[in-house]
Amino acid sequence: MKCPYCGSKDTKVVDSRSTEDEKAIRRRRHCNSCDKRFSTYERYEDSTIMVIKKDNTREKYNRSKLVNGIVKSCEKRPVSMDQIEQIANEIEVKINHLGQKEVASTYIGELVMDKLKDLDQVSYVRFASVYREFKDIDSFYDEIKNLKNH
């Protein structure tokens, strides 16, 4: 495993444990070159799922894209990385249990919004503004009004 700080391949596992949902193993690693520590996650990989984008192109499902999108919407909000990882885990389980080889990006986006709506409403509105491509202030206003009424 390459160190994310210095790029050295001289790292060792210090501690391993299952995540709360027991669907992955969290490994604490130590870099012998720069003496820093970092975590990695090992999880099983289901069969390849293709995501159908809005323009009908297809790309391989990428967990890091999902997590990065959630992280961006949760910036400077009281949402932990553990909560974000939990959302990603729950969404992956739903996608995998569909039993389909292709899943629409709109379906994934709706799942994220459902999770964020319950977790943090500001993060929800941020995600929705990008996902639904808000064009003006009225779009924000309508979404916030719907959120308040819900």
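The structure under discussion appears in the preceding block.
Residues numbered from 1 in each chain as written. Predicted model: local features only at pLDDT ≥ 70, side-chain atom pairs only at ≥ 80, totals over all residues. Heavy atoms only, no water.

S.K.: What is the right way to look at helix H3 (residues 105-119) in this model?
M.R.: Because an α-helix completes one turn every 3.6 residues, residues spaced three or four positions apart along the sequence face the same direction. Taking 1.5 Å of rise per residue, 15 residues should cover 21 Å, and H3 covers 21 Å from first to last C-alpha, within 8% of that figure. Among all positions in H3, only Ser-105, Ile-108, Gly-109, Leu-111, Val-112, Met-113 and Leu-116 are buried. For H3, the elements touching its buried residues are strand S4 (50-52), helix H1 (63-73), helix H2 (81-97), strand S6 (102-104) and helix H4 (121-131). (Helix = DSSP H or I, 4+ residues; strand = E, 2+ residues; numbered from the N terminus. Expected span 1.5 Å × (residues − 1). Buried < 20%, exposed > 50% of the residue type's maximum accessible area, 1.4 Å probe, protein only. Contact = heavy atoms within 4.5 Å.)

S.K.: Quick question: what am I supposed to make of the side chain of Thr-40 here?
M.R.: One can find Thr-40 in strand S3 (residues 37-43). Among all residues touching Thr-40, those that are not within four sequence positions of it are Met-1, Ile-25, Arg-26, Arg-27 and Arg-29.

S.K.: Got a minute to help me understand the sheet that holds strand S5 (residues 58-60) in this structure?
M.R.: Sheets are built from strands that pair by backbone hydrogen bonding, the pairs being arranged parallel or antiparallel. Ordered by their spatial adjacency, three strands build an open sheet running S5-S4-S6, and the pairing between neighbours is mixed. Edge positions in the sheet fall to S5 and S6, since each of these pairs with one other strand and no more. Taken pair by pair, the neighbouring strands of this sheet meet at an average axis angle of 35°, ignoring direction. Here S4 runs beside S5; their pairing, made up of three bridges, is antiparallel. Residue Val-51 lies in a different strand from S5, and its bridge partner there is Glu-59. Contacts from H3 reach S4 and S6 within the one sheet, and its direction differs from that of S6 by about 60°. (Pairing = 2+ DSSP bridges. Axes fitted to C-alpha atoms, helices over the stretch in contact; angles between N-to-C directions.)

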